[in-house]
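Coordinate analysis (summary)
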Amino acid sequence: MDKKDFMRRAIALSEESVRMGGGPFGAVIVKDGEIVSEASNSVTLDHDPTAHAEVNAIRKATQKLDTFDLEGCEIYTSCEPCPMCLGAIYWAHLDRIYYANDRKDAARIGFDDDFIYKEIALKPQERHKQMEVLLSEEAKEAFQMWEADGDKAEY
């Protein structure tokens, strides 16, 4: 299989998802030329706002490979990742992202991820969701514990 075949599979997953009542998004994770995992958007089916195709595929890949680090893998997704999915892709250390539709295509059908991209660029006090720092000094204890732990699994 080549890049286009992997993307065609992600697109097919997005179409299957629509037929099943899910969102129009699909994703495939590939390592060494082989599909490791694939998933579609199941937000409405699972009643889970984080159940985007990319996140679902990452969860399946990390379980299959028994690691939280997907370095050496690539993701093929039917649409440019939303900010949440992009963050998850970075945290999972995927090497490369391929996508078909972009965020403007998604906005045209009612998925306005661009709003969140713009919110991220704002200072916390300027965002539409109110944010307030609370008990910062108390919360630092967990950070100090983490920092001092010589046996931690860093990620």
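One structure accompanies this document, and this report is about it. Everything quoted here is computed from the prediction, not taken from an experiment.

Description of the environment of E119
Considering the arrangement of structural elements, one finds E119 in helix α6 (residues 113-121). Given a relative accessible area of 9%, E119 falls into the buried group. For the pair E119 and A100, spaced 19 residues apart in sequence, the C-alpha separation works out to 24 Å. A polar side-chain atom of E119 sits 2.6 Å from a polar atom in the side chain of H128.

Observations concerning the pattern of salt bridges
Proximity of charged atoms lets side chains of opposite charge pair with each other. For the structure on display, the rule yields eight salt bridges. With its nearest N and O atoms 3.9 Å apart, the salt bridge here joins D5 to R8. Taken together, the residues span about one helical turn, with D5 and R8 both in helix α1 (residues 3-20) at a distance of three residues. Taking relative accessible area as the criterion, R8 reaches 53% and is therefore assigned exposed. Overlapping salt bridges, with partners in common, bring together E80, R103, D114 and K118 in one network.

Here we look at the nonpolar core
Note on soluble globular proteins: their nonpolar side chains tend to be buried together. Core analysis: the biggest nonpolar cluster contains 17 residues, and I29, I58, L70, I75 and L94 have the highest contact counts within it. For this core, the secondary structure elements donating two or more residues are β1 (26-31), β2 (34-40), α3 (53-65), β3 (73-79) and α4 (83-92). A per-element tally of this core places α3 first, with four residues.

A look at the pairing of β2
Both β1 and β2 contribute to a ladder of six bridges, which runs antiparallel. Bridge pairing links K31 to E34 in β2.

Concerning the packing of aromatic side chains
Overall, the coordinates contain six aromatic pairs when judged by the stated rule. Residues W146 and Y155 carry aromatic rings whose centres are separated by 6.1 Å and whose planes lie at 70° to one another, so their mutual orientation is edge-to-face. When its relative accessible area of 41% is taken as the criterion, W146 is described as partly exposed. Here the aromatic cluster, defined as three or more aromatic residues joined through ring pairs, consists of F68, W91, W146 and Y155. Sitting over the face of the ring of Y117, R103 holds its NZ or CZ atom 3.8 Å from the ring centroid. Its guanidinium or amino end placed over the ring of W146, K152 lies 5.4 Å from that ring's centre, counting from NZ or CZ.

Procedures and definitions
- Residues numbered from 1 in each chain as written.
- Predicted model: local features only at pLDDT ≥ 70, side-chain atom pairs only at ≥ 80, totals over all residues.
- Heavy atoms only, no water.
- Helix = DSSP H or I, 4+ residues; strand = E, 2+ residues; numbered from the N terminus.
- Buried < 20%, exposed > 50% of the residue type's maximum accessible area, 1.4 Å probe, protein only.
- Polar contact = N/O pair within 3.5 Å; in protein donor to acceptor, adjacent residues only side chain to side chain.
- Salt bridge = Lys/Arg side-chain N within 4 Å of Asp/Glu carboxyl O.
- Core = buried A, V, L, I, M, F, W, Y, C linked by side-chain atoms within 4.5 Å.
- Pairing = 2+ DSSP bridges.
- Phe/Tyr/Trp six-rings, centres within 6.5 Å; stacked < 30°, edge-to-face > 60°.
- Lys NZ or Arg CZ within 6 Å of the ring centre and 35° of its normal.

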